[in-house]
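# Notes for the structure review
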Amino acid sequence: MRGLPKAQLHLHLTGAMRPATLRDLAGRHGLAIPPPLPPAAGTWADFQDRYDAARQAIRTPADVARVIAEAADDDAADGCGWLELQVDPTSYAAALGGLAPALEAVLAGAHAAAIPAGVVVASSWTRSPEHATTLARLAATYAGHGVVGFGLSNDERHGNVADFAPAFAIAAEAGLLGVPHSGFYTGAEHVRACVEHLHAARLGHGTAAANDPATRDLLAERQVALEICPTSYPPFGVHELTDIPLRTLLDAGVPVAVATDDPLLFGVGLAGQYSICRDVLGLTDAELAGLAAASIRHSAAPQPLKAELLRRAERWLTDESPRPGTAPSAPARC
Ligand SMILES: [Zn+2]
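What you are looking at is a predicted structure, and each value in this text was computed from that prediction instead of being measured.

### Quick notes on the environment of L85
Residue position: L85 is located in strand β2 (residues 80-87). It is 9.5 Å that separates the C-alpha atoms of L85 and V147, two residues lying 62 residues apart in sequence. When neighbours within four sequence positions are excluded, L85 is seen to be in contact with L11, L13, A16, I68, V106, G118, V119 and V120.

As structure tokens, this is what we get:
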């Protein structure tokens with residue numbers, strides 16, 4: 001799976017941190033290390049508490065640069081040729097001197113990364129629509145200078161979708177992709193609302209769409225891609241790995257980009273997520289190459305890079321040399 005060229009479209013800054021880096025930064029800043037996530041039946045609060053604790057370890061522009069450099073190295077080793085890193089600057093503003101300095105630290109880190117990278121500025125479903133508008137304006141200021149998208153992260157059960165339309169309109173006007181989280185805890189109606197009111201280009205997760213044929217058709221017709229992160233669902237009881245409705249979505253023509261979300265907390269990198277699609281969900285090489293192609297096609301990567309990565313993904317599929325991990329005796333690598 002590491003040899004398959006792909007794009008990473010759903011990765012949060014703190015969640016991208018290596019466990020060893022968290023230990024190191026927490027030690028330097030005199031902070032406790034959050035305990036591991038329970039393997040199953042956890043709550044959103046379990047996750048958010050650990051995420052917030054880990055985020056406290058990122059306190060300087062040098063910390064930001066290190067986390068991004070290592071995340072890009074890890075994704076590059078997993079075959080990633082384009083990285084989109086999602087950040088809510090609000091969470092880092094106090095430590096880094098304000099919203100704009102926090103975003104500039106992330107942009108500097110992304111610019112210096114080993115692979116080409118863009119930044120998605122995300123507000124939170126738990127904060128006000130007015131705050132989202134403030135962040136959309138900030139994101140728009142940096143369009144063409146590293147910011148490529150605008151999203152809404154956190155628990156999408158909060159907030160009323162239509163109230164966030166003005167923020168997404170500002171982002172769209174600046175040429176940014178709209179990429180809110182949706183359809184994780186919420187149902188297909190939330191997914192539809194994000195497409196209809198926010199004109200989302202992609203959705204973080206969105207697996208609830210699989211339950212409703214009309215929503216699947218809407219995503220397929222408008223080619224709205226879902227960023228599906230297999231290891232994000234079992235800890236919350238959203239799906240077991242075996243129940244992720246990937247095939248239902250693919251059969252309906254919904255574009256799917258596989259991503260990692262928060263490898264710090266979920267413990268699996270980008271190639272490992274593809275391995276789960278192969279080993280647990282039974283996807284064929286052609287289907288895996290299709291996922292990789294969708295991740296590239298629905299990314300904000302510059303057109304020449306997209307074309308090159310798509311050519312390489314196609315070559316991966318037609319290359320007949322043996323691939324480690326596809327032999328019957330090979331262990332699953334995830
Ligand atoms: Zn996410």
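Resuming the write-up.
### Describing the packing of helix α6 (residues 129-141) against helix α7 (residues 165-173)
Where α6 contacts α7, the two axes come as close as 8 Å, and the packing angle between them is 5°. The angle between α6 and α7 places the two elements in the roughly parallel class. Across the interface between the two elements, A132, T133, A136, R137 and A140 of α6 pack against P166, A167 and I170 of α7. Residue composition of the contact of α6 with α7, grouped by class: 6 nonpolar, 1 polar and 1 charged.

### Quick look at the packing of helix α12 (residues 270-279) against helix α13 (residues 285-297)
Between two packed helices, what matters for the description is the angle formed by their axes and the separation of those axes. The N-to-C vectors of α12 and α13 enclose an angle of 145°; their axes lie 10 Å apart at closest approach. You can see that α12 and α13 cross each other, and the crossing is right-handed. Only L288, L291, A292 and S295 of α13 make contact with α12, whose side of the interface consists of Y274, C277 and R278. Considered class by class, the residues forming the contact of α12 with α13 number 5 nonpolar, 1 polar and 1 charged.

### So, the pairing of strand β3 (residues 117-124)
Buried residues dominate β3, accounting for 7 of its 8 residues. Of the pairings in the sheet, the one linking β2 to β3 comprises 5 bridges and is parallel in character. Counted as the bridge partner of L83 is A117 from β3. Across 6 bridges, the pairing between β3 and strand β4 (residues 147-153) is parallel. In the sheet register, V119 faces β4, and the bridge partner there is V147.

### Some thoughts on the coordination of the zinc ion
Bound to the zinc ion on the protein side are H10 (NE2), H12 (NE2), H181 (NE2) and D261 (OD), at distances that span 2.1 to 2.4 Å. Bound by 4 donor atoms, the zinc ion shows angles of 84 to 170° at the metal and therefore irregular coordination geometry. Between consecutive donors of the zinc ion, the numbers of intervening residues give the motif H-x1-H-x168-H-x79-D. Taken together, the residues span a long stretch of sequence, with H181 in strand β6 (residues 181-182) and D261 in the loop between β9 (256-258) and α11 (263-266) at a distance of 80 residues.

Parameters at a glance
- Residues numbered from 1 in each chain as written.
- Predicted model: local features only at pLDDT ≥ 70, side-chain atom pairs only at ≥ 80, totals over all residues.
- Heavy atoms only, no water.
- Helix = DSSP H or I, 4+ residues; strand = E, 2+ residues; numbered from the N terminus.
- Contact = heavy atoms within 4.5 Å.
- Axes fitted to C-alpha atoms, helices over the stretch in contact; angles between N-to-C directions.
- Parallel < 35°, antiparallel > 145°, perpendicular 65-115°, else oblique.
- Nonpolar A, V, L, I, M, F, W, Y, C, P; charged D, E, K, R; others polar.
- Left-handed = near helix turned anticlockwise from the far one by under 90°.
- Buried < 20%, exposed > 50% of the residue type's maximum accessible area, 1.4 Å probe, protein only.
- Pairing = 2+ DSSP bridges.
- Donors = N, O, S within 2.8 Å, 3.2 Å for Na, K, Ca; no water.
- Tetrahedral: all angles 85-135°; square planar, octahedral: opposite > 155°, others 65-115°.

The values reported here are purely geometric and, on their own, carry no functional implication.
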